[in-house]
2 protein chains.
Amino acid sequence: MTRSPTPTILEVAREAGVSKTSVSRYLGGERDRLSPSMQTRIATAITSLGYRPNWMARGLKGGQSRLLGMLVADIRNPFSTAVLHGAEQACRAHGLSLLVCNTDNDAVLERRHLEMLAAYRVEGMIINAAGDPGPALRRFADPRTPVVLLDRQVSDLDADIVGLDNALAIDQAFAHLHAQGYRRLLYVSEPVTEASSRQARLARVEACLARHPEWRGETLGVALEAPGDALATKLRRFVDSRDPAPGAILCANGQVTLAVAQWLREAGVTLGPVGLMGIDELDWCALVGPGITTLAQPTATLGASAVDCLVTRFSPEGRQRPPRRLDYAGTLIPRGSTRRDSAAAPTTDFRSLSCPSLRTF
Amino acid sequence: MTRSPTPTILEVAREAGVSKTSVSRYLGGERDRLSPSMQTRIATAITSLGYRPNWMARGLKGGQSRLLGMLVADIRNPFSTAVLHGAEQACRAHGLSLLVCNTDNDAVLERRHLEMLAAYRVEGMIINAAGDPGPALRRFADPRTPVVLLDRQVSDLDADIVGLDNALAIDQAFAHLHAQGYRRLLYVSEPVTEASSRQARLARVEACLARHPEWRGETLGVALEAPGDALATKLRRFVDSRDPAPGAILCANGQVTLAVAQWLREAGVTLGPVGLMGIDELDWCALVGPGITTLAQPTATLGASAVDCLVTRFSPEGRQRPPRRLDYAGTLIPRGSTRRDSAAAPTTDFRSLSCPSLRTF
DNA sequence: TTGTACGCGTTATCAC
DNA sequence: GTGATAACGCGTACAA
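Residues numbered from 1 in each chain as written. Chains lettered and ligands numbered in written order. Predicted model: local features only at pLDDT ≥ 70, side-chain atom pairs only at ≥ 80, totals over all residues. Heavy atoms only, no water.

**As for the interface of chain B and chain A**
Size of an interface: often given as the accessible area lost when the parts come together.
So, step 1. Taken together, the contact between chain B and chain A spans 55 residues of the former and 55 residues of the latter.
So, step 2. In total, chain B and chain A occlude about 5300 Å² of area from one another, counting both sides; carbon and sulfur atoms represent 58% of this.
So, step 3. Among the residues of chain B in contact with chain A, Met56(B), Arg265(B) and Leu287(B) are the three that bury the most area, contributing 15% of the side total.
So, step 4. Here chain B is connected to chain A by 0 salt bridges.
So, step 5. The residue inventory of the side of chain B that touches chain A, partitioned by class, reads 28 nonpolar, 13 polar and 14 charged. (Contact = heavy atoms within 4.5 Å. Buried area = accessible area lost by both parts, 1.4 Å probe. Salt bridge = Lys/Arg side-chain N within 4 Å of Asp/Glu carboxyl O. Nonpolar A, V, L, I, M, F, W, Y, C, P; charged D, E, K, R; others polar.)

**Digging into unusual backbone geometry**
Residue and element names in this part refer to chain A.
So, step 1. Here the phi dihedral of aspartate 104 falls at roughly 50°; this positive angle occurs in a residue that is not glycine.
So, step 2. Residue placement: aspartate 104 occurs in the loop between strand E2 (97–102) and helix H6 (107–119).
So, step 3. Phi is positive for aspartate 151, close to 70°, though the residue is something other than glycine.
So, step 4. Of the residues examined, aspartate 151 reaches a relative accessible area of 13% and is grouped as buried. (Helix = DSSP H or I, 4+ residues; strand = E, 2+ residues; numbered from the N terminus. Buried < 20%, exposed > 50% of the residue type's maximum accessible area, 1.4 Å probe, protein only.)

**Digging into the nonpolar core**
So, step 1. One finds Ile249(A), Val260(A), Ile249(B) and Val260(B) to be the most contacted residues of the largest nonpolar core, which totals 50 residues.
So, step 2. Not counting the four nearest positions on each side in its chain, Ile249(A) is found in contact with Leu186(A), Val188(A), Leu235(A), Phe238(A), Val260(A), Leu264(A), Val274(A), Gly275(A), Leu276(A) and Met277(A).
So, step 3. One finds Met56(A), Val154(A), Phe140(B) and Leu157(B) within the second-largest nonpolar core, a separate group that totals 48 residues. (Core = buried A, V, L, I, M, F, W, Y, C linked by side-chain atoms within 4.5 Å.)

**So, the protein's contact with DNA strand D**
So, step 1. With respect to spatial proximity, 24 residues lie near DNA strand D, and among them Thr21(A), Ser35(A), Ile9(B), Lys20(B) and Tyr51(B) are the closest.
So, step 2. Near the protein, meaning within 4 Å, the atoms of DNA strand D are sugar or phosphate in a fraction of 56%, with bases accounting for the rest.
So, step 3. Within the contact set of DNA strand D, a base nitrogen lies 3.0 Å away from a side-chain nitrogen or oxygen of Lys61(A).
So, step 4. At the level of secondary structure, the elements contributing two or more residues to the surface near DNA strand D comprise helix H2 (20–27) and helix H4 (55–62) of chain A together with helix H2 (20–27) and helix H4 (55–62) of chain B.
So, step 5. A class-by-class count of the residues in the surface near DNA strand D yields 8 nonpolar, 8 polar and 8 charged. (Near = heavy atom within 4 Å. Polar contact = N/O pair within 3.5 Å; in protein donor to acceptor, adjacent residues only side chain to side chain.)

**Focus: the domain arrangement of chain A**
So, step 1. Assigned domains of chain A: these are domain 1 (9–53), domain 2 (62–164 + 300–328) and domain 3 (166–297 + 330–352).
So, step 2. The gap between the C-alpha centroids of domain 1 of chain A and domain 3 of chain A is 63 Å. (Domains from an automatic or database assignment.)

**What about the protein's contact with DNA strand C?**
So, step 1. Surveying the vicinity of DNA strand C reveals 25 residues, the closest of which are Ile9(A), Ser24(A), Tyr51(A), Thr21(B) and Ser35(B).
So, step 2. Sugar and phosphate atoms form 57% of the subset of DNA strand C atoms that lie within 4 Å of the protein.
So, step 3. Note that a phosphate oxygen of DNA strand C is positioned 2.7 Å from one of the backbone N or O atoms of Ile9(A).
So, step 4. Take Lys20(A): an N or O atom from its side chain is 2.8 Å from a base oxygen of DNA strand C.

**A closer look at the UniProt feature "domain: HTH cro/C1-type" (unreviewed entry) in chain A**
So, step 1. Mapped onto the present numbering, the UniProt feature "domain: HTH cro/C1-type" (unreviewed entry) falls at residues 8–52 of chain A.
So, step 2. End C-alpha to end C-alpha, residues 8–52 of chain A measures 8 Å, and it is 67% helix and 0% strand. (UniProt positions renumbered as here; feature names shortened; annotations may be inferred.)

**Quick word on the environment of Leu177(B)**
Residues and elements named next belong to chain B.
So, step 1. Looking at where leucine 177 falls in the secondary structure, it is placed in helix H8 (residues 166–179).
So, step 2. Here leucine 177 falls in the buried class, since its relative accessible area comes to 0%.
So, step 3. Each C-alpha atom of the pair leucine 177 and arginine 339 lies 9.0 Å from the other, and the pair is 162 residues apart in sequence.
So, step 4. In this structure leucine 177 touches Tyr182, Leu185, Trp215, Ala248, Met277 and Thr338, once residues within four positions along its chain are discounted.

**Some words on the sheet that holds strand E1 (residues 67–72) of chain A**
All names here are of chain A.
So, step 1. Taken in spatial order, the 6 strands line up as E2-E1-E3-E4-E5-E11 in an open sheet, and their pairing is parallel. Of all the strands in the sheet, the pair left with one neighbour each is E2 and strand E11 (325–328). Pairwise comparison of adjacent strand axes, ignoring direction, gives a mean angle of 15° for this sheet.
So, step 2. Bridge count for strand E4 (residues 147–150) against strand E5 (residues 160–164) is 3 bridges, and the pairing is parallel. In the sheet register, leucine 149 faces E5, and the bridge partner there is isoleucine 161.
So, step 3. The strands that helix H12 (residues 299–312) touches are E1, strand E3 (124–127), E4, E5 and E11; relative to E5, the one it contacts most, it runs at about 170°. (Pairing = 2+ DSSP bridges. Axes fitted to C-alpha atoms, helices over the stretch in contact; angles between N-to-C directions.)

So this is what it looks like as structure tokens:
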């Protein structure tokens, strides 16, 4: 017998002495419609031949690639991988697989990857946009392919959007800093033009400051790839200010927290007296100085929710529904970097603290 | 005209008034063999219909999925994503795409994902093994599909293996600690039975200790998911030892470094007098205490090299070659955590220091 | 230079 | 229950 390296169902059928159709039925989970004897014959043929299904061919017929595309702006960002992890688990539950693409925050790469995902006929796309994927999506993707935006919104795109409740997050952060007695704020973000979530956070910060005249606040947008002197200058001025009101630095995301913590360390600034807090919880935040207070995003939930959005739209009814916006609340994790009285033990576990009714703050 | 949502080359051909073949040639990069007038007609037909190629169908014929599978043991490990990033860039250069699967260090998931990758007819697999992928590979994958192992070796598998030069890495670390005046060592690893690289590192540590009788050393293998008291007990005993010889803790990977740094911080141990060093460079290592000395793995190189191994084996000659083992040297990044004289300025930049001829140490 | 015809591995639609 | 047969979208000998 000439065992071909990759046998097809046809060869299995011949080996078992049955028809292609029966083998297909056996494989497709309709085994109860086959006679027991045939089932065993097919089963033995499959194992003896070492048959392996070809999902490409399956996708050709029914348009069922069982593939979801995920476009990630920065794969090395722990936030991205955490969401990816959640999405992957959800996919598994639905029998789907993830085709992951990293755009490195490059609009050109994003476009190419979008084209690639469309070419593989993914059944849905999770997009953490780097640029504006709208045009590429309209150009390459089947209009019926459901799309869900992650963290970053895009103008005039018929897509669900899943992300952190940015307004609530800023409120939580502000309420915490306020309760700790800080009255001066430096809000540091990456350039807000590149992502809607950054805009939303900045806008809320400004709203908070406007609503609380007793606070003095300033904001800074800085490109971390090429920070120049902007960050250092601003931080130096903020830290050296003769204003007696206690000041805190709020970082818009994990990358910013890293950069700011780095500078503060080099400048020899003690955390706590100078407050530091960041959005995004990271492995090391508990390790630096007295621990850095963070607002953890519900990353696994975001990933799972994104997949659910897509799966929902697989059904005809789901397809009709208007785009949804799903904002999930973050969790504040207080640590020493926002405690002004350095007397308290640094190892206290604050994680169980809750922050009720922050909306009314 | 009834614009079908996903036009085929046949429809394009009809629209342009030419044959399927010509369109296929146009798409396949053989445009110079077509008359200019035909080229323009095809081009306009493609854009007006919004034609998008179906790579599933293309793959069906020639077995060209243009897909590489990558199996990652832990996607949330920064080491994994860094390698992934390197691999992705290399794929791009070869016109390949990566189908990424995370196994969460679960052998069952690994098996399922392997089956999935085989079903999609990936042209090669990069495997960062969680369990032993050998049996699943033999069962599901085409024997001709090239496989490259990442970081972790697997018994009796005809695959290239790419990873850190573990022996050299340990030598580098040991030489550094020796030069800094430490003479007691605690080597902390995750369970060595789960990964060959862990075994290699441990073995080298023991070899180093055996070769240097003036050192006193001990080793610990601990499962970080369920550390119990083992880690805390051992660390406490090491730190509290009445032995006057200066001691250093060497961590086998980034996860261990994190866990150990966490404990040391909670115990209020000052880094430097008690040395700390870890394999794997992480974002935050410069931030903790006086900075943590690390041995950075050449992650991007590992990823790119893995892809190159696969691409090489795409050719008939490459397929014949015996399995290769590619060990890449890491880079030592000295920081304050291995400086015993705490007088030196903590902000000194050590990154440009080189460590020549470590092999001869 | 261009077109015809077939095969890739699978599922769906019939008919028996 | 079971089996022919026709798609699915594309590449490619082969013929013209």
